[in-house]
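# Fold and geometry: a report
The lines below spell out each chain.
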Amino acid sequence: MPDVARRILPTVEDTEALGRELAAQLHAGDLVVLDGPLGAGKTALTRGIAAGLGVQGRVSSPTFIIARQHRAGTGPGAIGLVHVDAYRLGGDLDELDALDLDTDLDDAVVVVEWGLGVVEHLADRHLRVLLRREPDSDIRTAEWEWVSAN
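Please read these numbers as outputs of a predicted model, since none were measured by experiment.

### Thoughts on the confidence of the model for the protein chain
Overall, the predicted model of the protein chain reaches an average pLDDT of 83, with 80% of residues at or above 70. Here helix α3 (residues 93–98) stands out as the element of the protein chain with the lowest mean pLDDT, 49, in contrast to strand β1 (residues 5–9), whose mean of 97 is the highest.

### Details of the pairing of strand β2 (residues 31–35)
Counting buried residues along β2, five of its five residues qualify, which places the element largely inside the surrounding structure. Residue alternation in β2 divides its side chains into two sets, L31, V33 and D35 and V32 and L34, and both sets are buried. As paired strands, β2 and strand β6 (residues 125–133) are joined by four bridges and run parallel to one another. Note on β6: the bridge partner recorded for L34 is V129.

### Re unusual backbone geometry
Phi is positive for W114, which is not a glycine, with a value near 60°. Tracing the backbone through its elements, the reader meets W114 in the loop between β5 (108–113) and β6. In this structure, D136 is a non-glycine residue whose phi angle is positive, near 55°.

### Re the layout of surface pockets
In this structure, the largest pocket encloses a volume near 170 Å³. Taken together, twelve residues line the largest pocket, and the ones lying closest to its centre are L38, G39, K42, E113 and W114. For the lining of the largest pocket, the element with the most residues is helix α2 (residues 42–53), which contributes three residues. Residue composition of the lining of the largest pocket, by class: five nonpolar, four polar and three charged.

### Observations concerning α2
For α2, built from twelve residues, the straight-helix expectation of 16 Å at 1.5 Å per residue is met to within 8% by its first-to-last C-alpha distance of 16 Å. Most of α2 is tucked away, with nine of its twelve residues classed as buried. Those residues of α2 that fall on the buried side of the exposure criterion are K42, T43, A44, L45, T46, G48, I49, A50 and L53. Buried residues along α2 sit against α1 (12–23), β2, β4 (80–85), β5 and β6. The positive-phi residue at the C-terminal boundary of α2 is G54, with phi of around 75°.

### Regarding the nonpolar core
One finds V32, L45, I49, L53, L81, V109 and V129 to be the most contacted residues of the largest nonpolar core, which totals 23 residues. Where this core is concerned, the elements lending two or more residues are α1, β2, α2, β5, β6 and β7 (140–148). Counting residues per element, this core draws most heavily on α2, at four residues. V33, V82, A86 and V112 belong to the second-largest nonpolar core, a separate cluster that totals twelve residues.

Definitions and limits used
- Residues numbered from 1 in each chain as written.
- Predicted model: local features only at pLDDT ≥ 70, side-chain atom pairs only at ≥ 80, totals over all residues.
- Heavy atoms only, no water.
- pLDDT = per-residue confidence, 0-100.
- Helix = DSSP H or I, 4+ residues; strand = E, 2+ residues; numbered from the N terminus.
- Buried < 20%, exposed > 50% of the residue type's maximum accessible area, 1.4 Å probe, protein only.
- Pairing = 2+ DSSP bridges.
- 1 Å grid on protein atoms, 1.4 Å probe; cavity = no way out; pocket = protein on both sides within 12 Å on 5 of 7 lines; lining within 4 Å.
- Points joined across faces, edges and corners; volume = space filled by probe spheres on them.
- Nonpolar A, V, L, I, M, F, W, Y, C, P; charged D, E, K, R; others polar.
- Expected span 1.5 Å × (residues − 1).
- Contact = heavy atoms within 4.5 Å.
- Core = buried A, V, L, I, M, F, W, Y, C linked by side-chain atoms within 4.5 Å.

So this is what it looks like as C-alpha cells:
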C-alpha cells in the first residue's frame, strides 16, 4: 500500500503536530475516521486538527455527549469542526443518523473517533487514521491514507 503514510509519535505534542499537518489537507466536507485503542491519541490528534483549522473553543473528548461542534475561527477560509465519538453508538445507525453528520459535512470537517466501519458511507472518500500505542510505552504510531468509498 504505497499511499499509506506512517509516523512514530513519541509525545502527545508530536501527535498534535501531526494533526496540524493533516488539517492543512482538509476542507469543509471532509470526513476523518480515527481508529485505535483507548489511549492511542485520537483526541490529541483531533486537538491538533482543530488547531490547524483554527476553530474556536477547547477540544476534548466528546465521549459523554457523543458530538461537539466547534465554530470556525475568524481567519479567511476558516471552517468549523464536528468532533464525534462513535464508541457509545455501538454501531447503532439510527443514533448515527440522528446526529445529521451528513448535513455537517457541507460546511465543516467531521472527525469521528471509533468511526471505522461505522461512518465511511457518509462521504465519497475519507481520511482514515489508525493510531496505535506501543505496549508499556507512551510511544504511538499513526498510519493514514485517503480512502474512496468505491
